[in-house]
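Chain by chain, the residues:
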Amino acid sequence: MSTLAAVALSAGLTAHASASPLAAHPIALAVRHGDCDAAVDLVNHGAASNDSRAAYLVGRMLDEGICVKQDLDAAARFFARGSELGDRSSSLEYAAKVGLGEGIEQSYDRAGEICRSAGLDPQAHMSAYALGYACTVRGVAGRLLRERLPARAFRPNSGDLLVDFNPATAEMSIGAVPRVEREEVSVESRVRRPLVDAPKAIGEAWQNAVSLVPKPDPARLVSQSVELPLDVDMTLEAGHEVERQGGHKTLLQGDIVPNFRMR
């Protein structure tokens, strides 16, 4: 086991780790430092068994192929585990997996129930089916943004990315965007332009997500908007550089959590 992994394990990955910011989690720290071996060692020594944040991070690693070989079904199992442990982000990502039918039978009804239990549309203005469809699009759009935008596109802790979506009309509007980082000042110009065109990137990701999810039954959608948070926390995306250089290490699912059950 690497030194970084050993130090993290000796500290005890308990509920205290779950309460810490995502970027400060030992698994995230290992990935950000390009130490995929340390991140994988932490997982294979049980870091995600009872730590909801660890389960979420491992789900993200498997879902996007960060430090490990991409495994969408395994990602669903870790998101399910994080959801069981009370992690809201895991619940939302698990709902998207249910809506996509990755690792579990496809069901927009069930996806909507999970999303509502995670706090979306708490007044039940729309059906579980419509909410499940909206949550599935939300999950895919967030993943596309994390994969395609620069890792430092948004300033950390500068707010949430919120969109309003009407499943029946397919209309989407942006409610709030984190602060966009700006380019370094060049010799030719003193103007610091935004690093990304956030509205354009969000709109393109949303349109692509709508085209990628299973087509819903129009008769079961309602003309009612719902506010959805998009996850653009790019804490783990530095690991893509390591993966591209051939640094991934296979996660053996049986060695991590042999008793994960899908809900």
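Up top you'll find the structure we're talking about.
Our subject in this report is the structure included herewith. (Residues numbered from 1 in each chain as written. Predicted model: local features only at pLDDT ≥ 70, side-chain atom pairs only at ≥ 80, totals over all residues. Heavy atoms only, no water.)

1. With respect to the overall build of the protein
Okay, step 1: Helix and strand counts for the protein come out as 11 helices and 3 strands.
Okay, step 2: Secondary structure of the protein in N-to-C order comes out as α-α-α-α-α-α-α-α-α-β-β-α-β-α.
Okay, step 3: Looking at the protein as a whole, 49% of its 263 residues are labelled buried.
Okay, step 4: In the protein, 70% of the contacts between residues at least 6 apart in sequence involve partners at least 24 apart.
Okay, step 5: For the protein, the exposed surface amounts to about 12,200 Å²; the carbon and sulfur share of it is 47%. (Helix = DSSP H or I, 4+ residues; strand = E, 2+ residues; numbered from the N terminus. Buried < 20%, exposed > 50% of the residue type's maximum accessible area, 1.4 Å probe, protein only. Contact = heavy atoms within 4.5 Å. Areas by Shrake-Rupley, 256 points an atom, 1.4 Å probe, with all protein chains shown as cover.)

2. Notes on the environment of Pro150
Okay, step 1: Looking at the element boundaries, Pro150 is found in the loop between α9 (128-148) and β1 (161-166).
Okay, step 2: When its relative accessible area of 35% is taken as the criterion, Pro150 is described as partly exposed.
Okay, step 3: For the pair Pro150 and Glu237, spaced 87 residues apart in sequence, the C-alpha to C-alpha distance is 8.8 Å.

3. Topic: the sheet that holds strand β2 (residues 171-176)
Okay, step 1: The sheet built from 3 strands is open, its strands ordered β2-β1-β3 with antiparallel pairing. Looking at strand neighbours, the two that pair on one side only are β2 and β3 (226-230), the edges of this open sheet. For this sheet, the mean inter-axis angle between neighbouring strands, taken without regard to orientation, is 30 degrees.
Okay, step 2: The pairing of β1 with β2 spans 5 bridges and is classified as antiparallel. When the bridges of β2 are listed, Leu162 appears paired with Ala176. (Pairing = 2+ DSSP bridges. Axes fitted to C-alpha atoms, helices over the stretch in contact; angles between N-to-C directions.)

4. Some remarks on helix α6 (residues 72-84)
Okay, step 1: For α6, spanning 13 residues, the distance from its first C-alpha to its last is 18 Å, which sits close to the expected 18 Å at 1.5 Å a residue.
Okay, step 2: Within α6, the full set of buried residues consists of Ala74, Ala75, Ala76, Phe78, Phe79, Ala80, Arg81, Gly82 and Ser83.
Okay, step 3: For α6, the secondary structure elements touched by its buried residues are α5 (52-64) and α7 (88-100).
Okay, step 4: With a side-chain oxygen lying 3.3 Å from the backbone nitrogen of Asp73, the N-terminal cap of α6 falls on Asp71.
Okay, step 5: Note on α6: the residue one or two positions beyond its end, Gly86, has a positive phi of about 95 degrees. (Expected span 1.5 Å × (residues − 1). Polar contact = N/O pair within 3.5 Å; in protein donor to acceptor, adjacent residues only side chain to side chain.)

5. Description of the state of the cysteines
Okay, step 1: Under the counting rule described, the total for this entry stands at 2 disulfides.
Okay, step 2: Covalently, Cys115 is tied to Cys135 through a disulfide, its sulfur atoms 2.3 Å apart. Of this pair, Cys115 sits in helix α8 (residues 108-117) while Cys135 sits in helix α9, placing them 20 residues apart in sequence.
Okay, step 3: Owing to a relative accessible area of 0%, Cys115 belongs among the buried residues under this scheme.
Okay, step 4: Taking relative accessible area as the criterion, Cys135 reaches 0% and is therefore assigned buried.
Okay, step 5: Cysteine pairing for the protein, with bonded cysteines counted in sequence order: 1-2, 3-4. (Disulfide = S-S within 2.5 Å.)

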